Amino acid sequence: GVEIPVSFETVGHIAHLNLREDLLPFKRAIGRIHLDKAPSIRTVVNKVSTIENEFRVFPMEVIAGENDLVAEMKEHGCRFRFDFSKVYWNSRLQEEHSHLSGLLGPSDVLADMFAGVGPFAIPAAKRGAIVYANDLNPSSAASLVENVRLNKVGHLIRTFNMDGRFFMPHIIDAYCDAVTAGTPTPPSAPAAAEPERDRSGKVKKGAAPKGEAPWKLPTHIAMNLPALGPEFCDAFVGLYRRVAELHAQGRLPPPPSVSAPISKPKAAQVAAATATATATATATATASDATDVPTVAAPPQPEYSLAMYMPMVHCYGFTRSPPSQRKQDYCERIARAWDFVKAPSAGVLVLDPSKTEFREIRDVAPNKIMVCASFRLPVAVALAERLSPREIDAKRKQQESDEDRASDHDGTKRRGDRESAHTK
């Protein structure tokens with residue numbers, strides 16, 4: 001007899017199977033059995049190969065039921081609608097979606113670098129957080145916009161369709177531009193805002209747009225791209241250099257959830273800045289034959305340290321390391337993404353395992369698990385000066401060459417985490 005697989009993922013009305021090769025001759029019969037035993041299932045699909053594209057979408061075939069892959073479902077009180085064949089969705093991560101959104105509240109701002117159709121972003125906005133949600137896949141980005149509308153959180157979420165490495169500088173620059181213009185929380189451009197709709201979802205005639213979320217600095221950054229999450233941490237190198245300039249000028253509003261002011265900048269730094277400003281003003285006055293030297297006020301002193309503006313980063317990934325080495329190895333892998341800097345003043349940029357929360361999420365395959373490292377973005381990383389794109393490319397190739405030599409030397413495939421990342 002044929003052993004019928006009983007474990008499968010449910011995505012709305014779709015049953016998603018991953019049949020072993022020896023069961024493929026019986027796939028149609030297996031699909032019909034699942035239809036008969038689960039009244040809520042109308043479509044059964046089988047994964048035909050591994051994820052091998054940048055959009056995290058795997059090839060599938062309908063083996064029984066309706067050829068309808070547009071799923072509608074609810075998760076933790078949120079509605080989602082998407083074409084399962086065109087986007088990434090994993091129902092096995094629903095508890096992780098709840099865990100991360102549960103960390104957020106109305107004072108938080110989530111930057112979701114790889115948002116998919118919104119399983120982290122939508123629940124976070126439902127809890128009152130401002131969310132900047134991005135995905136490279138145009139189909140995911142379109143479904144994300146639709147799910148924002150379905151859940152009526154358009155006033156709290158801005159959506160983007162771009163590369164994650166460009167997304168982070170984009171939102172930080174937008175915030176800095178707003179602060180420089182004197183509008184740190186500006187209203188959205190009316191053309192990009194979500195208009196009012198009636199109960200059927202249609203736009204009300206003559207309805208004015210409601211407006212989107214204001215620009216603020218993120219308090220949390222979600223990186224749910226297990227295939228390459230640690231490698232994308234290079235996006236944080238130098239990310240806050242403009243923020244640091246505004247901070248030095250005393251132009252940043254207080255960080256969210258701050259309990260009390262902490263030490264101000266060193267008096268010597270303030271004195272040096274004051275002396276420079278005074279000397280410049282004196283020289284200007286002398287050159288113009290002015291009789292009175294204007295009084296130069298000291299630059300405003302920031303009330304809070306720059307470290308208090310650094311976000312928590314939640315970086316998901318895969319690892320094959322032995323249990324006793326997983327946390328250390330994963331932190332080192334993240335830190336390797338910070339190698340692309342010009343002589344950091346703080347020395348080698350590292351991620352301290354003792355200051356990192358490390359969680360094992362689920363088994364993906366034999367000797368391969370999904371994990372998450374949560375850490376406060378180090379100020380030294382956020383302010384470091386990046387190498388040029390050409391220098392980064394050369395250094396990345398050198399890293400891969402070094403890893404290959406290390407693998408040949410110790411007999412292990414140390415690049416396995418990266419190369420096997422797409423075989424989920």
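As the structure is a computational prediction, the values presented were derived from the model and not from experiment.

(A) Here's a closer look at a positive patch on the surface. Taken together, the side chains of K74, R79, K126 and K152 present a region of like positive charge at the surface. Mapped onto the fold, K126 is located in helix α3 (residues 121-126).

(B) Region of interest: the confidence of the model for the protein chain. Of the residues in the protein chain, 72% have a pLDDT of 70 or more, and the chain-wide mean is 78. Scored below 50 in pLDDT, residues 201-209 makes 16 contacts in the model with residues more than four places away or belonging to other chains. Ignoring residues within four places in sequence, the model shows residues 413-424, a span with pLDDT below 50, making 35 contacts including any to other chains.

(C) Geometry of the sheet that holds strand β4 (residues 60-65). Pairing in this open sheet of 4 strands is mixed, and the strands run β1-β2-β3-β4 from one edge to the other. Only two strands of the sheet have a single partner each, and these edge strands are β1 (9-11) and β4. Recorded for the sheet is a direction-independent mean angle of 30 degrees between the axes of neighbouring strands. For β1 and strand β2 (residues 14-17), the ladder comprises 3 bridges, and the chain directions are antiparallel. Across the sheet, the residue bridging to T10 is A15, located in β2. Across the sheet, helix α1 (residues 27-37) touches β2, β3 (43-47) and β4, and the angle it forms with β4 is around 55 degrees.

(D) Representation of the packing of aromatic side chains in the model. The full count for this structure, using the stated rule, is 9 aromatic pairs. Seen in terms of ring centroids, Y132 and W215 are 5.2 Å apart; in terms of plane orientation they differ by 45 degrees. Their pairing is tilted. Of this pair, Y132 sits in strand β8 (residues 130-134) while W215 sits in the loop between α5 (164-180) and β10 (220-223), placing them 83 residues apart in sequence. For the residue pair Y132 and W215, the accessibility class agrees, reading buried in each case.

The rules behind each value
Residues numbered from 1 in each chain as written. Predicted model: local features only at pLDDT ≥ 70, side-chain atom pairs only at ≥ 80, totals over all residues. Heavy atoms only, no water. Patch = residues over 30% accessible without salt bridge, like charges linked within 9 Å, V, L, I, M, F, W, Y side chains within 5 Å. Areas by Shrake-Rupley, 256 points an atom, 1.4 Å probe, with all protein chains shown as cover. Salt bridge = Lys/Arg side-chain N within 4 Å of Asp/Glu carboxyl O. Lys, Arg positive; Asp, Glu negative; His and termini not counted. Charge placed at Lys NZ, Arg CZ, Asp CG, Glu CD. Helix = DSSP H or I, 4+ residues; strand = E, 2+ residues; numbered from the N terminus. pLDDT = per-residue confidence, 0-100. Contact = heavy atoms within 4.5 Å. Pairing = 2+ DSSP bridges. Axes fitted to C-alpha atoms, helices over the stretch in contact; angles between N-to-C directions. Phe/Tyr/Trp six-rings, centres within 6.5 Å; stacked < 30°, edge-to-face > 60°. Buried < 20%, exposed > 50% of the residue type's maximum accessible area, 1.4 Å probe, protein only.

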